[in-house]
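Listed below, chain by chain, are the residues.
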Amino acid sequence: MLSINEIRQFITDDIASEKKQLAKKGQEYYEAHHDIKNYRIFYYTADGELEEDKYRSNIKISHPFFTELVDQEVQYMLSGKEGFVKSDIPELQKQLDIYFNENEDFTAELTEVLTGAISKGFEHMYAYKNEEGRTAFQCADSMGVVEVEAKHAEDKKNHIIYWYVEQIDKDGKKIKRIQDWDDSQTFFYKQTDDGQIEKDDSVQITPRPHAIYKKDGDKATYFESYGFIPFFRLDNCKKQFSGLKPIKALIDDYDLMSCGLSNNIQDTNEALYVVKGFQGDNLDELMLNMKAKKHVGVDEDGGVDIKTIDIPYQARQTKLDLDEKNIYRFGMGFNSAQLGDGNITNIVIKSRYALLDLKCNKLEIRLKQFMRKLLKVVLKEINALNDTDYQMKDIYFDFEREVMTNASDNAQIELTDAQRKQVEITTLLNVAAHLDNETLMQNICDILDIDYEEIKDKLPNPEDNDPYGAQTALDAIQTEDEPVGGGVIE
């Protein structure tokens, strides 16, 4: 186990590390807390001193492009409807569905892990035993996960320190829970703000094995451990950089340009009134007359001239458009606001998803590696519970991503496909006299995507070798299925 002083030092060093600082910045931008929030305006006084200008407009609006890009990648990655953990063994597939494909809790946790990995650069998930005695998984905020290598610990063992703020009491103090995990057990501690770290008395058994359970009708408490630290990390890239890195400067520039334009409009939204020959000596009276009574008295040579300021917004607008284009380009996302020529075909839609597809393909490689680590735990448990010997090679992943399509294009494709099938079947029927019925019907079933073995009992006797029986059999098949090309083949 780690000593309390070691735990404090490891947590302190981890928070101050460059890796966690970059991750924190990515999380802030995902939560729409950009650097523009800290923007201040300064000016030099007549004495040459630099002072903050607290009277000019200083609008601070964050434009959360990064939030959209992260959510796009996560949802697109998991957009398949049939699940992504697959096996050709039906019995194994049923077990995998329980843990993954049909488990809404796992889907929710994996969504959180993907979101954290993309926005912060890396995210963790840990395994535990649920109430049903099965292994389940939960996302662990990587900002509170400290990886300790054996060479840095006094006991020469690998450790994971996991801390999180459980609650904030009425006095505003943060109550932290701290866990020290090794390959066999977990130690529990607590801390108030940055005070002394103490053992957590609310946990009955400490140190505690990874899993504790009781058998039916038995008062004894049993325990078991995974034999390794049950924490798994998903990296966004090899260097664990956030997806924010290549586009942060562009987002900051967009915020600055947009807020600068808003400040200009705010500071110059009032018209200037130039009054000549005013009959009176009270400026307040003049303003009251102009705003409330809509008139002002002047002499015979006087008049009122209203001056407005034209804001040069064209340059800013051009820069905003260029920044937005580059944010989606280098952020490799789908720009839903992108304008086209009105001819939105499936090819055009697919081309707009090209960069997002490329980014997801890179993430998919790391996600599969991550899922293999989880599967290793699950597969061992499935084999133990069912007395089986399934192997990792029996399982594969299928991340089928769903892309929006043009309904008109889809209808045309279906029509073309139906016409193609009709031509192929017509060709077969034209040469039916030279083929036996069984061969002919096998080819027709292949075209119609029908299982020949399921309908062969309904076909004419092959010994009759009646070429006209093929048309009769085809008519019988089509009474059960949709007619090819919208009608009967003649």
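Residues numbered from 1 in each chain as written. Predicted model: local features only at pLDDT ≥ 70, side-chain atom pairs only at ≥ 80, totals over all residues. Heavy atoms only, no water.

**Re the overall build of the protein**
Here comes step 1: Helices and strands together make up the secondary structure of the protein, namely 14 helices and 17 strands.
Here comes step 2: The long-range fraction of contacts in the protein, counting pairs at least 24 apart against all pairs at least 6 apart in sequence, stands at 59%.
Here comes step 3: Of the accessible surface of the protein, which amounts to about 30,000 Å², a share of 49% is contributed by carbon and sulfur atoms. (Helix = DSSP H or I, 4+ residues; strand = E, 2+ residues; numbered from the N terminus. Contact = heavy atoms within 4.5 Å. Areas by Shrake-Rupley, 256 points an atom, 1.4 Å probe, with all protein chains shown as cover.)

**Considerations on the pairing of strand β9 (residues 185-192)**
Here comes step 1: Where strand β8 (residues 174-181) and β9 come together, seven bridges link them in antiparallel fashion. Bridging across to β9, Arg177 finds its partner in Lys190.
Here comes step 2: Between β8 and β9, which pair antiparallel and follow one another directly, the connecting turn spans three residues.
Here comes step 3: Bridge analysis of β9 against strand β11 (residues 208-209) gives two bridges, and the strand direction is antiparallel. Residue pairing across strands places Gln185 opposite Pro209, the latter belonging to β11.
Here comes step 4: One ladder, built from two bridges, connects β9 with strand β10 (residues 198-199); its direction is antiparallel. Paired with Lys190 across the strands is Glu198, a residue of β10.
Here comes step 5: A loop of five residues connects β9 with β10, the two strands running antiparallel in sequence, and Asp193 in this loop sits at a positive phi of about 50°. (Pairing = 2+ DSSP bridges.)

**Here we look at unusual backbone geometry**
Here comes step 1: A cis amide bond, omega 0°, links Thr206 with the succeeding residue Pro207.
Here comes step 2: With respect to the helices, strands and loops of the structure, Pro207 is situated in the loop between β10 and β11.
Here comes step 3: One non-glycine residue with positive phi stands out, namely Met332, at about 55°.
Here comes step 4: Within the secondary structure layout, Met332 lies in the loop between α8 (314-330) and α9 (346-352).

**Quick look at the nonpolar core**
Here comes step 1: Val85, Phe100, Phe106, Phe137, Leu367, Phe370 and Met371 are the most contacted members of the largest nonpolar core, which totals 55 residues.
Here comes step 2: When neighbours within four sequence positions are excluded, Val85 is seen to be in contact with Gln93, Leu96, Phe100, Asn101, Met371, Leu375, Ile395, Tyr396 and Phe397. (Core = buried A, V, L, I, M, F, W, Y, C linked by side-chain atoms within 4.5 Å. Buried < 20%, exposed > 50% of the residue type's maximum accessible area, 1.4 Å probe, protein only.)

**A few points about the sheet that holds strand β14 (residues 231-235)**
Here comes step 1: Pairing in this open sheet of three strands is antiparallel, and the strands run β5-β4-β14 from one edge to the other. In this open sheet, the two strands that pair with only one neighbour each are β5 (135-140) and β14. Across this sheet, the average inter-strand angle for adjacent strands is 30°, counted without regard to direction.
Here comes step 2: Two elements, strand β4 (residues 122-129) and β5, share six bridges in a ladder whose sense is antiparallel. The partner of His124 across the bridge, within β5, is Ala140. (Axes fitted to C-alpha atoms, helices over the stretch in contact; angles between N-to-C directions.)

**Quick look at helix α1 (residues 4-16)**
Here comes step 1: The end-to-end C-alpha distance of α1 is 19 Å, a good match for the 18 Å that 13 residues give at a rise of 1.5 Å each.
Here comes step 2: What α1 keeps buried is the set Glu6, Ile7, Phe10, Ile11 and Asp14. All buried residues of α1 project into a common sector of 130° when viewed along the axis, lining one side. For α1, the exposed residues lying more than 90 degrees away from the buried face are Asn5 and Ala16. (Expected span 1.5 Å × (residues − 1). Arc of directions from axis to C-beta.)

**Thoughts on the packing of helix α4 (residues 90-101) against helix α10 (residues 354-386)**
Here comes step 1: Put simply, α4 and α10 touch, their axes get as near as 11 Å, and they point 120° apart. Of the possible angle classes, the one that applies to α4 and α10 is oblique. Helix-helix and strand crossings are classified by hand; for α4 and α10 the assignment is right-handed. Two secondary-structure elements touch here, α4 through Leu92, Gln95, Leu96, Tyr99 and Phe100 and α10 through Met371, Leu375, Val378, Leu379, Glu381, Ile382, Leu385 and Asn386.
Here comes step 2: Split into classes, the residues belonging to the contact of α4 with α10 amount to 10 nonpolar, two polar and one charged. (Parallel < 35°, antiparallel > 145°, perpendicular 65-115°, else oblique. Left-handed = near helix turned anticlockwise from the far one by under 90°. Nonpolar A, V, L, I, M, F, W, Y, C, P; charged D, E, K, R; others polar.)

**Some thoughts on the side chain of Ser87**
Here comes step 1: Topologically, Ser87 is positioned in strand β3 (residues 85-87).
Here comes step 2: The exposure class of Ser87 is buried, given its relative accessible area of 9%.
Here comes step 3: From its side chain, Ser87 meets the backbone nitrogen of Ile89 in a polar contact 3.2 Å long.
Here comes step 4: Residue contacts for Ser87: discarding those within four places in its chain leaves Leu92, Gln93, Leu96, Asp394 and Tyr396. (Polar contact = N/O pair within 3.5 Å; in protein donor to acceptor, adjacent residues only side chain to side chain.)

**A closer look at the packing of aromatic side chains**
The geometry of an aromatic ring pair comes down to the distance between the two centres and the angle between the two planes.
Here comes step 1: For the structure shown, the criterion picks out 20 aromatic pairs.
Here comes step 2: The interplanar angle of 70° and the centroid separation of 6.1 Å between the aromatic rings of Phe106 and Phe137 together place this pair among those described as edge-to-face. Remark: Phe137 occurs in strand β5 and Phe106 occurs in helix α5 (residues 104-120); sequence separation between them is 31 residues.
Here comes step 3: Of the residues examined, Phe106 reaches a relative accessible area of 4% and is grouped as buried.
Here comes step 4: Taken together, the aromatic side chains of Tyr99, Phe100, Phe106, Phe137, Tyr226, Phe228 and Phe232 make up a single cluster linked through ring pairs. (Phe/Tyr/Trp six-rings, centres within 6.5 Å; stacked < 30°, edge-to-face > 60°.)

**Regarding the pattern of salt bridges**
Here comes step 1: One pass over the structure, following the stated rule, counts 28 salt bridges.
Here comes step 2: Note that Asp35 is salt-bridged to Lys248, the shortest N-O span being 2.7 Å. Remark: Lys248 occurs in helix α6 (residues 248-267) and Asp35 occurs in the loop between α2 (18-30) and β1 (42-44); sequence separation between them is 213 residues.
Here comes step 3: With a closest N to O distance of 2.6 Å, Lys129 and Glu381 form a salt bridge. Note that Lys129 is positioned in strand β4 and Glu381 in helix α10, a separation of 252 residues in sequence.
Here comes step 4: Each of the salt bridges in this network shares a partner with another, and the network as a whole consists of Lys25, Glu28, Asp35, Lys248 and Asp252. (Salt bridge = Lys/Arg side-chain N within 4 Å of Asp/Glu carboxyl O.)

**Description of the confidence of the model for the protein**
Here comes step 1: Averaged over all residues, the pLDDT of the protein equals 84, while 81% of them reach at least 70.
Here comes step 2: Per-element mean pLDDT across the protein ranges from 54 in helix α14 (residues 467-480) up to 96 in β14.
Here comes step 3: Note that pLDDT drops below 50 for residues 483-490; the model gives that stretch 20 contacts with residues more than four away or on any other chain. (pLDDT = per-residue confidence, 0-100.)

**A word on helix α3 (residues 65-77)**
Here comes step 1: With 13 residues, α3 extends 18 Å between its outermost C-alpha atoms, agreeing within 8% with the 18 Å of an ideal straight helix rising 1.5 Å per residue.
Here comes step 2: For α3, a buried count of 10 out of 13 residues is recorded, marking the element as mostly surrounded by other parts of the structure.
Here comes step 3: Of all the positions in α3, only Phe65, Phe66, Thr67, Leu69, Val70, Gln72, Glu73, Val74, Tyr76 and Met77 are classed as buried.
Here comes step 4: Residues of α3 that are buried sit in contact with α2, α5, α6, α8 and α10.

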